[in-house]
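Below are the chains, spelled out letter by letter.
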Amino acid sequence: MKNYIKVDEWKIIEEGFDPKYNLISESLFSLGNGRMGQRANFEEAYSGETLQGNYVAGVYYPDKTRVGWWKNGYPEYFAKVLNAANWIGIDVFIDGEQLDLAKCEVSNFKRELNMKEGYLKRTFRAKTADGKEVDVEAIRFCSMVDDETGVIRYTITPLNFSGPVTITPFVDGDIKNKDSNYDEKFWDEVTKGSWSDGGYVQLRTKKTGFEVATGQKFTISQQGSTQSSEKEKYVATEIKLDAVKGQAIVLTKYAANLSSQNYPANALVAELEKTLKTISAKGFEKMLAEQAEAWDKKWQHNDIIIEGDASAQQGIRFNIYQLNQTYTGEDDRLNIGPKGFTGEKYGGSTYWDTEAYCVPFYLATADQKVTRNLLLYRYKQLGKAIDNAKLLGFKDGAALYPMVTMDGTECHNEWEITFEEIHRNGAIAHAIFNYVRYTGDEQYLVDYGLEVLIAIARFWAQRVNWSDERRQYVMLGVTGPNEYENNVNNNWYTSTIATWCMKYSLEAIEKVEAADKAKFDALITKINFDKQKESAKFRDVIEKMYYPYDEQRQIFLQQDGYLDKEQILVKDLPASDRPLNQKWSWDRILRSCYIKQADVLQGLYFFEENYDTDTIRRNYDFYEPRTVHESSLSPCVHAVIAAKLGDEARAYEFYLRTSRLDLDDYNNDTEDGCHITSMAGTWISVVEGFGGMRVRDGKLSFDPFLPEKWQSFSFKIGFRGTSLRVTVRKDQVSISNLSGPEIKVLIRGREHSLSPNEGVGVKSVTLYPPSPKMSQES
């Protein structure tokens, strides 16, 4: 665990430059706006260890799967979000010596991500080999208002000399992905060009044919001689200046990335020039002010305020900030990659993380259409999910959604995941359920949802098989959420979510048929659904499914044979053995009892209303001590369940772990990029964990408690047209209806009506005295 990031409630701050942390910082200080993003690479040259990263949403390359063998149904490629043209580059030469922080003496270094206003600022002093000193300040951001653009203000001030300085802003498309399987470069040049104050490069991806035009336009505060230069996939303008001691030189660089997803390829350059002209006419200060205003609107709605714990406050805001700059929901062709715009690992593609963890966050903090677009993304890929299932031998419209995808085609390249981690199908169905439950938008089931649910239910009905020995249905050869187990039989979570999907599909069939018989009849004709026969099969599987259970301990068994493993608890592992995935062989991990992330507990989190508190507690107390939490998705589920059980110590521990997972580099892997999708779990930990928020019978329900270290916490949520603020203090719980119609909410089981905001003030009603749990903590 690293502790070099300074604690600040609104900023991420690094003071002093330590090259061994640079890759981590490049991830932490990343920028994005939903349409494009980048790692926090330096503008000037850096010959030290770095992972160059500039990304354009939705643009990918099908990198050939690299394996020494092949299996039927195995994906032909792994889709990767590409490292796109480097638009931030600014080469600096001081009297002929290149400014490079790996080679010069660096002092007063400070890197600061201002989350409140959405920009990155970096300052430092550099001394060259011959003793010349300069101060540098660089401020940049990806505009949330003009979301295909970014801007940099780069200021360099000579401190102890006057003399020649050369500044060269450039665009470089001659780049590659670090994780390219065969060291292949994925871009071909289409065209390039220069003008007196900038230039552009237009590139085309190999195979997929996406085209992206990346351009720059700059202004500079001091006159000098300029000369444009071009080479393959590269344009630059060299500016030679006579620098004056103590006089700042300010370069403002405007840049844009325009994609053929949004414009005709033959119009990209013309549109690029228009865009650059528009933003440069605005100027840096106006763009910065617009950026601050755009972020203020976001924070007004989805900020979580924690009083009394600056570290916890910084953690939750960092997570919310990254989520908001990764996905805005404006484009239903886009989704949320596990690393967002912060790195290449996982290919930047879509996983089940979106449905399981991100959907609750966007449901409560964004317009309803944002989550709807996430669901439509999967609906539009249903045909390919059916094709994926066909490759594995399924038929009659059964659908298996991919573990990893960009366009609906499976592209994960590990057989134990591709073929066996099929619980992902359940997350797709659960997201539909979650959306309808939260929004009340049952029309979505009519128009889109039921078709997806039936296809998923068909898959489960075919995936199980009848065991003559057990006289029950069984689910063989699967990998559950705990990926430290592969090819197991009867994973409890997978079997549980399979039958839940079939139950929910049956409920949805009845609802849709009653709501719109004509559409229902058209759908079942379209998909050739035999309601009587197929519904009967669903019910038979539901009624006769086998679930592993230990009678002595009264717990659900993660899978058959789990108790045959040597039961050594995590606390008894030597610290030198952690993390297991970096210290142990895969064979040793598979034979151990250790759990990568919530597995049985994932099911108890999703379906807690089906289990009493004692059942949840027994399973939690058994499985949590065996869980190593080496997945970023693990701590949040444990935090929520611990909070439900009134286990403040573990709830708070896991909250801190999920909220500061990247800031403190808990898993020693932040250098690869931040864990974006798991960041939604941080929000879940507060709102569903400490806030105790659930939806019960169409109403919001709260059962909150306050961690001992906090003085209070508050959050805002939107629910069916109403905006609410929930505040939990040591002596009271308050809910304010900020806007919208009257709403009824439940606080620890008691119903209260909240009228909408009236007049100037906001009517705030203290709904409940302290609970016994809160009184003890006070």
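Basis of the calculations
- Residues numbered from 1 in each chain as written.
- Predicted model: local features only at pLDDT ≥ 70, side-chain atom pairs only at ≥ 80, totals over all residues.
- Heavy atoms only, no water.
- Helix = DSSP H or I, 4+ residues; strand = E, 2+ residues; numbered from the N terminus.
- Rg over C-alpha atoms; globule rule 2.2 N^0.38 Å.
- Buried < 20%, exposed > 50% of the residue type's maximum accessible area, 1.4 Å probe, protein only.
- Contact = heavy atoms within 4.5 Å.
- Areas by Shrake-Rupley, 256 points an atom, 1.4 Å probe, with all protein chains shown as cover.
- Pairing = 2+ DSSP bridges.
- Expected span 1.5 Å × (residues − 1).
- Core = buried A, V, L, I, M, F, W, Y, C linked by side-chain atoms within 4.5 Å.
- 1 Å grid on protein atoms, 1.4 Å probe; cavity = no way out; pocket = protein on both sides within 12 Å on 5 of 7 lines; lining within 4 Å.
- Points joined across faces, edges and corners; volume = space filled by probe spheres on them.
- Nonpolar A, V, L, I, M, F, W, Y, C, P; charged D, E, K, R; others polar.
- Axes fitted to C-alpha atoms, helices over the stretch in contact; angles between N-to-C directions.
- Parallel < 35°, antiparallel > 145°, perpendicular 65-115°, else oblique.
- Left-handed = near helix turned anticlockwise from the far one by under 90°.
- Phe/Tyr/Trp six-rings, centres within 6.5 Å; stacked < 30°, edge-to-face > 60°.
- Lys NZ or Arg CZ within 6 Å of the ring centre and 35° of its normal.
- Disulfide = S-S within 2.5 Å.
- Salt bridge = Lys/Arg side-chain N within 4 Å of Asp/Glu carboxyl O.

Asker: Help me understand the overall build of the protein chain in this model?
Answerer: Helix and strand counts for the protein chain stand at 21 helices and 33 strands. Rg of the C-alpha trace for the protein chain: 27 Å, near the compact-globule value of 28 Å for 778 residues, within the 12% margin. With respect to the principal axes defined by its C-alpha atoms, the protein chain has extents near 85 × 60 × 60 Å. Looking at the protein chain residue by residue over its 778 residues, the buried ones come to 62%. When contacts within the protein chain are restricted to residue pairs at least 6 apart in sequence, those whose partners lie at least 24 apart make up 67%. Summing over all exposed atoms, the protein chain offers an accessible surface of approximately 28600 Å²; the carbon and sulfur share of this is 45%.

Asker: Before we go on, may I ask you to explain the sheet that holds strand β17 (residues 211–220) in this structure?
Answerer: Either a parallel or an antiparallel arrangement is found when strands of a sheet pair, and the pairing is made through backbone hydrogen bonds. What the 10 strands build is an open sheet, ordered β1-β2-β10-β11-β12-β13-β20-β17-β16-β15; its pairing is antiparallel. Two strands bound the open sheet, and with one partner strand each, they are β1 (5–6) and β15 (187–195). Pairing between strand β16 (residues 198–205) and β17: 7 bridges, direction antiparallel. For Q202, the partnering residue across the bridge sits in β17 and is A213.

Asker: Hey, could you run me through the sheet that holds strand β18 (residues 225–231) in this one?
Answerer: Here 5 strands make up an open sheet; going across it, the order is β9-β8-β14-β19-β18 and the pairing antiparallel. Only two strands of the sheet have a single neighbouring strand rather than two, namely β9 (97–98) and β18.

Asker: Would you mind showing me how to read helix α20 (residues 676–690) here?
Answerer: One full turn of an α-helix is made of 3.6 residues, so residues set three or four places apart face in the same direction. Its 15 residues place the ends of α20 21 Å apart at the C-alpha level, agreeing with the 21 Å of an ideal helix rising 1.5 Å per residue. With 15 of its 15 residues buried, α20 lies for the most part within the structure. Directly beyond the C-terminal end of α20, a positive phi value near 60° is found at G692.

Asker: Any chance you could explain the pairing of strand β7 (residues 77–81) here in plain terms?
Answerer: Regular strands show a simple pattern: their side chains alternate between the two faces of the sheet. Where burial is concerned, most of β7 is hidden: 5 out of the 5 residues are buried. Going residue by residue along β7, you find Y77, A79 and V81 tucked away on one face and F78 and K80 tucked away on the opposite face as well. As paired strands, strand β6 (residues 60–64) and β7 are joined by 5 bridges and run antiparallel to one another. By the bridge assignment, Y61 is partnered in β7 with K80.

Asker: Would you take a moment to explain the environment of D441 for this structure?
Answerer: Within the secondary structure, D441 is located in the loop between α9 (424–439) and α10 (443–463). By relative accessible area, which is 15% here, D441 ends up buried. Residues D441 and R720, spaced 279 residues apart in sequence, show a C-alpha to C-alpha distance of 9.2 Å. Excluding residues within four positions of it along the chain, D441 makes contact with Q368, R372, Y435 and V436.

Asker: Honestly, the pairing of strand β27 (residues 699–702) in this entry has me stumped. Any pointers?
Answerer: Here 3 bridges tie strand β26 (residues 694–696) to β27, and the two strands are oriented antiparallel to one another. If you follow R696 over to β27, its bridge partner there is K699. Hairpin geometry of β26 and β27 is characterised by an intervening segment of 2 residues between the two adjacent antiparallel strands and by a positive phi of about 50° at D697. Where β27 and strand β31 (residues 743–747) come together, 3 bridges link them in parallel fashion. Considered in β31, the bridge of F702 is made with I747.

Asker: I tried to follow the nonpolar core on my own but got confused; where do I start?
Answerer: Nonpolar side chains tend to gather and get buried jointly when the protein is soluble and globular. Ranked by size, the top nonpolar core spans 229 residues in total, and within it W460, W683, L700 and I717 carry the most contacts. Not counting the four nearest positions on each side in its chain, W460 is found in contact with I422, H423, N425, G426, M475, T494, I497, A498, C501 and M502. Formed by 17 residues, the second largest nonpolar core is a distinct cluster that contains F141, Y254, V269 and F284.

Asker: Help me out: how do you make sense of the layout of surface pockets in this one?
Answerer: Empty space left among the atoms is revealed by rolling a probe the size of a water molecule over them. By volume, the largest pocket amounts to about 1200 Å³. Forming the boundary of the largest pocket are 40 residues, of which K345, Y346, E414, E483 and K596 lie nearest the centre. By residue class, the composition of the lining of the largest pocket is 13 nonpolar, 12 polar and 15 charged. Each pocket or cavity is described by its volume, and for the second largest pocket that value is around 630 Å³. Lining the second largest pocket are 24 residues, with F433, W500, E507, E609 and N610 sitting closest to its centre. Where the lining of the second largest pocket is concerned, the elements lending two or more residues are α9, α11 (492–515) and β26. Looking at side-chain class alone, the lining of the second largest pocket contains 10 nonpolar, 5 polar and 9 charged residues.

Asker: Got a minute to help me understand the packing of helix α19 (residues 648–659) against α20 in this structure?
Answerer: Pairs of packed helices are described in terms of their axes, by the angle between the two and the distance that separates them. In contact at an axis separation of 8 Å, α19 and α20 are set at 155° when each is read in the N-to-C sense. Considered as vectors, α19 and α20 are oriented roughly antiparallel to each other. Once α19 is placed against α20, the crossing between them reads as left-handed. The residues of α20 that touch α19, namely those facing A651, Y652, Y655, T658 and S659, are S678, G681, T682, S685, V686 and F690. Its residues placed into classes, the contact of α19 with α20 shows 5 nonpolar, 6 polar and no charged.

Asker: Please clarify how the packing of aromatic side chains should be interpreted in this entry.
Answerer: For any two aromatic rings, the description comes down to two numbers: the centre-to-centre distance and the angle of the planes. Under the criterion given, the structure shown has 51 aromatic pairs. The interplanar angle of 55° and the centroid separation of 5.9 Å between the aromatic rings of W352 and Y357 together place this pair among those described as tilted. Overall, W352 belongs to the buried group, its relative accessible area being 3%. Taking the relative accessible area as the measure of exposure, Y357 reaches 1% and is therefore buried. Taken together, the ring pairs connect F433, Y493, W500, Y504, Y605, F606 and F607 into an aromatic cluster. Note that K231 overlies the ring of Y234, its terminal NZ or CZ placed 4.7 Å from the centroid. The cationic tip of K253 hangs over the ring face of F170; the distance from NZ or CZ to the ring centre is 5.7 Å.

Asker: How should I be thinking about the state of the cysteines in this particular structure?
Answerer: Note on terminology: disulfide describes a covalent bond linking the sulfur atoms of two cysteines. Per the counting criterion, the structure on display carries 0 disulfides. With no disulfide of its own, C636 lies closest to C358 among cysteine sulfurs, the gap being 10 Å.

Asker: Looking at this structure, I do not really get helix α18 (residues 634–644). What am I missing?
Answerer: Within α18, 10 of the 11 residues are buried, which leaves the element mostly enclosed by the surrounding structure. Every buried residue belonging to α18 is among S634, P635, C636, V637, H638, A639, V640, I641, A642 and A643, and all of these are buried. After α18 finishes, the residue G646 shows a positive phi value of roughly 75°.

Asker: Sorry if this is basic, but what is going on with unusual backbone geometry here?
Answerer: In most cases, non-glycine residues show a negative phi, while peptide bonds are predominantly trans. Note that the residue after R578, namely P579, is joined by a cis bond; omega there is -10°. Positionally, P579 belongs in the loop between β25 (555–556) and α14 (580–583). Here the phi dihedral of N490 falls at roughly 60°; this positive angle occurs in a residue that is not glycine. With respect to the helices, strands and loops of the structure, N490 is situated in the loop between β23 (472–474) and α11.

Asker: Please clarify how the pattern of salt bridges should be interpreted in this entry.
Answerer: When charged atoms on two side chains of opposite charge get close, those side chains can pair. For the structure on display, the rule yields 59 salt bridges. Connected through salt bridges with shared partners, the residues R35, D147, D331 and R333 form a single ionic network.

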